[in-house]
Amino acid sequence: AAHQLFLRSATDEERRCLPKHDDESDIGLYRALEQLREPLSFDELAGHGLSLQEHPARVMHTSNGELLIMTINSDDSLLMSKWE
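Counting from 1, residues in each chain are numbered in the order their sequence is written. Side-chain atom pairs in this predicted model are given and counted only at pLDDT of 80 or more, local residue features only at pLDDT of at least 70, and totals for whole chains, interfaces and linings cover all residues. The side-chain figures draw on all heavy atoms in the structure; neither hydrogens nor water molecules are used.

Novice: Any details on the pattern of salt bridges? Residues and values, ideally.
Specialist: Whenever Lys or Arg places a side-chain nitrogen within 4 Å of a carboxyl oxygen from Asp or Glu, that contact is recorded as a salt bridge. Taken as a whole and assessed by the stated rule, the structure comprises five salt bridges. Two residues, R15 and D12, come together in a salt bridge whose shortest N-O distance is 3.2 Å. Of this pair, R15 and D12 both sit in helix 2 (residues 12-17), three residues apart, roughly one helical turn. Since its relative accessible area comes to 30%, R15 is described here as partly exposed. Exposure remark for D12: the relative accessible area of 54% places this residue in the exposed category. For R31, the salt bridge identified is with E34, shortest N-O distance 3.4 Å. Here E34 and R31 lie together in helix 3 (residues 26-37), a separation of three residues that amounts to about one turn. Salt bridges sharing partners connect three or more residues here, namely R31, E34 and E38. A run of DSSP states H or I qualifies as a helix once it reaches four residues; a run of E qualifies as a strand once it reaches two. Both are numbered from the N-terminal end. For every residue, the accessible area obtained with a 1.4 Å probe (protein chains only) is divided by the maximum for its type, and the residue is called buried under 20%, exposed over 50%, and partly exposed between those limits.

Novice: Help me get a handle on the nonpolar core, residues and values and all.
Specialist: To form a nonpolar core, buried Ala, Val, Leu, Ile, Met, Phe, Trp, Tyr and Cys residues must be joined to one another through side-chain atoms within 4.5 Å. F6, A10, L18, L29, A32 and L33 together form the largest nonpolar core, which totals six residues. Counting residues per element, this core draws most heavily on helix 3, which supplies three residues. Once residues lying within four places of it in the same chain are set aside, the contact partners of L18 are F6, L29, A32, L33 and L36. What makes two residues a contact is simply this: any of their non-hydrogen atoms within 4.5 Å.

Novice: Give me helix 3: which residues, what numbers.
Specialist: The terminal C-alpha atoms of helix 3 lie 17 Å apart, and with twelve residues this matches the ideal 16 Å at 1.5 Å per residue to within 8%. Residues of helix 3 that are buried make contact with helix 1 (2-9) and helix 2. One less than the number of residues in a helix, times 1.5 Å, gives the span that helix is expected to have.

Novice: Please provide a residue-by-residue account of the side chain of E24, values included.
Specialist: For E24, the location among the structural elements is in the loop between helix 2 and helix 3. This count recognises Lys and Arg as positive and Asp and Glu as negative, with His and chain-terminal groups excluded. Among buried Asp, Glu, Lys and Arg side chains, E24 stands out as unpaired, with K20 the closest opposite charge at 6.9 Å. Those residues in contact with E24 that sit more than four places away from it in its chain are P19 and L29.

Here it is in structure tokens:
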């Protein structure tokens, strides 16, 4: 049943991100698909000058290998950070 759910619902990109390992069960593979679809969240911050924000950030990976981090400040302004 989990194998059929995976085959019916996973996109081609998700299948490329989740190759099945020899010792992995179909249930484990479907659970990995569910986790892949969950929003990325951070429980802990490490480093200087970092603080928790009221509004969550959105992280995007660009085709040229950069990470864009976008947050909305309390005054509704958009803050974008680029990591290479």
